[in-house]
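Inside the fold
Listed below are the residues making up each chain.
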Amino acid sequence: MAIALKRPAFFLDSQTCTGCKTCMVACKDKNNLPLGVRWRRVVEFAGGQWIRLPDGTFQQNVFAYYLSVSCNHCQDPICVQSCPTTAMNQDEQGIVSVDPQKCVGCRYCEWACPYSAPQFNPVLGQMTKCDFCRDDLAIGGAPACVAACPTRALQFGDYDELATLYDSKTVFAPLPARDLTQPCFLLCIPKDAKPELTVDGGIANPEEVRNA
Amino acid sequence: MHNWSLVWFTLLAQGSVGVVWLSVMGAWIGGAREPGSLLWPMSLALVLSGLGIIGATAHLAKPRLAPNALRNFRQSWLSREVFLAQAFAGMQLLLVLLELWGVQTLFWARGVVACLIGGLALFAMTRVYLLRTVPVWNTMATPLEFVGSTLLLGGGFIALLTVLIPQDHSNREPFLLVAVISIGLGLLLKLTSIIPAIKALTSAKSQTWYPAKSQSINTGWVLAARTLFSLLGLSSMILLLVQEAGPLWLWAGLGLAFFTACEVLGRWRFYMIYRRVGL
């Protein structure tokens, strides 16, 4: 039975997410993505330090938390607005996808998207991205990443319904400000979450996020 | 980022706009209305536009689908840029043909229309980079830099063309005048773009951007090299103005070469400093 979602959205409980990257692997596996193309990425945001106290002991404030991010099928999608060909399009449900018949591979959407959602596939010579596993949704299934998550930290549902349960304004580092694109992505704040533009911490796995 | 094709396209297209603006202005100041007076500048502008469009097409992973880039004119500044760059090249071709055939009808009107289309293409080209998610580009520095390049390269090309085409001194003077004024204005705009550019870059360094902030952003040497090239270009132009005889083409050629080197470095740096908010 198909799940009738008015506006599909992902929800991530960052408190529960262990950064295992099963979601990332499941996505790559289902969509047969080559090396370097990752529709879903797990970002490790880490920081803090060990401080030596006068008595010779140490105190630390190190932290790390994970963010599993794919396309957020934004309500104000900058990729759709930027795309010169209309290949990047949004359907009536709000799902943003790429039409391979139209994409010229200019990569302008890649420049614009603050979530790195559009990914260039060098084999195809075109942009590709998460389409919310539209085929699975149509037969009543869950997106591959959600189905694979061992801790159930990653979930999906209707944006309006999720927004009644979780704060839809939540944002923390390294996520960009929500008003830039109005993402359909809800979050549960991790314990050590840092504010949006913090300088305390950084992405600890940039190579993994970019090249996996 | 491998954006040499975009460095090529933007500089050639901006140079082409500059050549059209300055040639029409030079012809207007000099009152030149004899048939064919704009043939050489318009031909040069057309060659620059054509080469630029070839470069832009080479940037695409699927060049055979390039016409699709005109589909989103309603929303996308990139689509508008593509359309206007091609309309500008089309207008230049028309002007070259009219000059070849010696048609004088609506001489000024068609010149002004070409200038306007060029201006619109330049505006669209600038807007392409004013992305709200790329604060390092989304500053006043981008339009200042692009208009500056248009004036600087346009001035360089017109100065060289003016001394290469055999013509008497009185015909040459107005074109040289607009070229030198344009170069001066271009350099001034470049100078004023430095502060907003540095501010944007400093702000980008202190925040969590993509790529990760651990990746250093240090292109200070580019500023030093560009200053040197600008000064050398300016010196060549001064020598061109004061030298009544001698190899004028040499000074004009050197001036254009130095300004081009300055612009290529600057545009390369422009693409290198790309930093986006978010992940």
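Residues numbered from 1 in each chain as written. Chains lettered and ligands numbered in written order. Predicted model: local features only at pLDDT ≥ 70, side-chain atom pairs only at ≥ 80, totals over all residues. Heavy atoms only, no water.

1. Observations regarding the sheet that holds strand β11 (residues 185-188) of chain A
Residues and elements named next belong to chain A.
- On the basis of which strands lie adjacent, the open sheet formed by 3 strands has the order β10-β1-β11 and mixed pairing. With partners counted over all chains shown, the strands left at the sheet margins are β10 (154-158) and β11, one partner each. Across this sheet, the average inter-strand angle for adjacent strands is 25°, counted without regard to direction.
- Direction of pairing for strand β1 (residues 8-13) relative to β11: parallel, over a ladder of 4 bridges. By the bridge assignment, Phe-11 is partnered in β11 with Leu-186. (Pairing = 2+ DSSP bridges. Helix = DSSP H or I, 4+ residues; strand = E, 2+ residues; numbered from the N terminus. Axes fitted to C-alpha atoms, helices over the stretch in contact; angles between N-to-C directions.)

2. Quick word on helix α1 (residues 22-31) of chain A
- Burial in α1(A) covers these residues: A:Cys23, A:Met24, A:Ala26, A:Cys27 and A:Lys28.
- Among the residues trailing α1(A), A:Asn32 stands out with phi positive, at a value near 55°. (Buried < 20%, exposed > 50% of the residue type's maximum accessible area, 1.4 Å probe, protein only.)

3. What to know about the nonpolar core
- With 71 residues, the main nonpolar core has A:Trp111, B:Tyr129, B:Trp137, B:Leu240 and B:Tyr271 as its most contacted residues.
- Looking at this core element by element, the count peaks at 12 residues for helix α1 (residues 4-30) of chain B.
- A:Tyr65, A:Ala153, A:Leu154 and A:Phe185 belong to the second-largest nonpolar core, a separate cluster that totals 52 residues. (Core = buried A, V, L, I, M, F, W, Y, C linked by side-chain atoms within 4.5 Å.)

4. Looking at the interface of chain B and chain A
- Of the residues lining the interface, 40 residues belong to chain B; the matching set on chain A comes to 42 residues.
- The interface formed by chain B and chain A contains 1 salt bridge.
- Taken together, the connections running from chain B to chain A amount to 24 residue pairs in polar contact (both at pLDDT 80 or more).
- Mapped by element, the contributors of at least two residues to the side of chain B that touches chain A are α3 (77-100), α4 (107-129) and β2 (276-277) of chain B.
- Considering only residue class, the side of chain B that touches chain A consists of 21 nonpolar, 13 polar and 6 charged. (Contact = heavy atoms within 4.5 Å. Salt bridge = Lys/Arg side-chain N within 4 Å of Asp/Glu carboxyl O. Polar contact = N/O pair within 3.5 Å; in protein donor to acceptor, adjacent residues only side chain to side chain. Nonpolar A, V, L, I, M, F, W, Y, C, P; charged D, E, K, R; others polar.)

5. Quick word on the packing of α1(B) against helix α2 (residues 39-59) of chain B
Residues and elements named next belong to chain B.
- In the contact formed by α1 and α2, the axes pass within 8 Å of each other and the chain directions differ by 160°. Taken together, the axes of α1 and α2 lie roughly antiparallel to each other. As α1 packs across α2, the resulting crossing turns out to be left-handed. Contacts between α1 and α2 pair Ser-5, Leu-6, Trp-8, Phe-9, Leu-12, Gly-15, Ser-16, Val-19, Val-20, Ser-23 and Val-24 from the former with Pro-41, Met-42, Leu-44, Ala-45, Leu-48, Ser-49, Leu-51, Gly-52, Ile-53, Gly-55, Ala-56 and His-59 from the latter.
- Here the contact of α1 with α2 is built from residues that sort into 15 nonpolar, 8 polar and no charged. (Parallel < 35°, antiparallel > 145°, perpendicular 65-115°, else oblique. Left-handed = near helix turned anticlockwise from the far one by under 90°.)

6. Overview of the packing of aromatic side chains
- The tally for this structure, following the rule as stated, stands at 26 aromatic pairs over all chains.
- Relative to B:Tyr271, the ring of B:Tyr129 has its centre 5.8 Å away and its plane inclined at 65°; by these criteria the two rings are edge-to-face. Within this pair, whereas B:Tyr129 is found in helix α4, its partner B:Tyr271 is found in helix α8 (residues 248-272), the two being separated by 142 residues in sequence.
- B:Tyr129 sits in the buried class, given a relative accessible area of 3%.
- Looking at B:Tyr271, the relative accessible area reads 3%, which means it is buried.
- Through a chain of ring-to-ring contacts, the aromatic side chains of A:Tyr108, A:Trp111, B:Tyr129, B:Trp137, B:Phe146, B:Phe270, B:Tyr271 and B:Tyr274 assemble into a single cluster.
- A cation sits over an aromatic face here: A:Arg40 above A:Phe10, 4.6 Å from the ring centre. (Phe/Tyr/Trp six-rings, centres within 6.5 Å; stacked < 30°, edge-to-face > 60°. Lys NZ or Arg CZ within 6 Å of the ring centre and 35° of its normal.)

None of this, on its own, says anything about what the molecule does.
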